[in-house]
Amino acid sequence: QVNLRESGGGLVQPGGSLNLSCTISGLTFSPYDMGWFRQAPGKEREFVARVGWHHGATTYGDSVKGRFSASLDSPKSTLNLQMNNVTPEDTAVYSCAARRTAGADPRVASSYGYWGQGTQVTVSL
């Protein structure tokens, strides 16, 4: 079965950096996209980034564009999210996700069928 496991979350000061990883295992198919989403308390799930499985193309949410960078490693066993110049507004549970097919908007959470359990990121002094 597909297993997505996030790691790397924690406490970071404003202006700092953090790198999240999502270990990918159990795939019996090649996903179309891998995505990062986040959800803060009392807020809806928000699109952060996506990486095309085959072509590596990336798309970012407006609130993280220019600060965050997503990538797939060469063996395609880990999805990464490099977070730079973080702010308290970046505090959330970050989850990785996989979707099998194209067609739906990759920025919409419901287009992804496989999810990790999430990792907490807290930005505070």
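The rules behind these values
- Residues numbered from 1 in each chain as written.
- Predicted model: local features only at pLDDT ≥ 70, side-chain atom pairs only at ≥ 80, totals over all residues.
- Heavy atoms only, no water.
- Disulfide = S-S within 2.5 Å.
- Helix = DSSP H or I, 4+ residues; strand = E, 2+ residues; numbered from the N terminus.
- Salt bridge = Lys/Arg side-chain N within 4 Å of Asp/Glu carboxyl O.
- Buried < 20%, exposed > 50% of the residue type's maximum accessible area, 1.4 Å probe, protein only.

Visitor: Could you give an account of the state of the cysteines, naming the residues involved and the relevant values?
Guide: Taken as a whole and judged by the stated rule, the model has one disulfide. The disulfide bridge from Cys22 ends at Cys96, spanning 2.0 Å between sulfur atoms. Handedness of the Cys22-Cys96 disulfide follows from its S-S torsion of about 55°: it is right-handed. Placement of the pair is Cys22 in strand E3 (residues 18-25) and Cys96 in strand E9 (residues 92-99), with a sequence separation of 74 residues.

Visitor: Can you tell me about the pattern of salt bridges, naming the residues and giving the values?
Guide: In this structure the tally under the stated criterion is seven salt bridges. Between Arg38 and Asp90 there is a salt bridge; the shortest N-O distance is 2.8 Å. Taken together, the residues span a long stretch of sequence, with Arg38 in strand E4 (residues 33-39) and Asp90 in the loop between strand E8 (78-83) and E9 at a distance of 52 residues. Overall, Asp90 belongs to the buried group, its relative accessible area being 1%. Salt-bridge contacts for Lys65 lead to Asp62; the nearest nitrogen and oxygen are separated by 3.2 Å. If you follow the salt bridges from partner to partner, you end up with Arg38, Glu46, Arg67 and Asp90 in one network.

The values reported here are purely geometric and, on their own, carry no functional implication.
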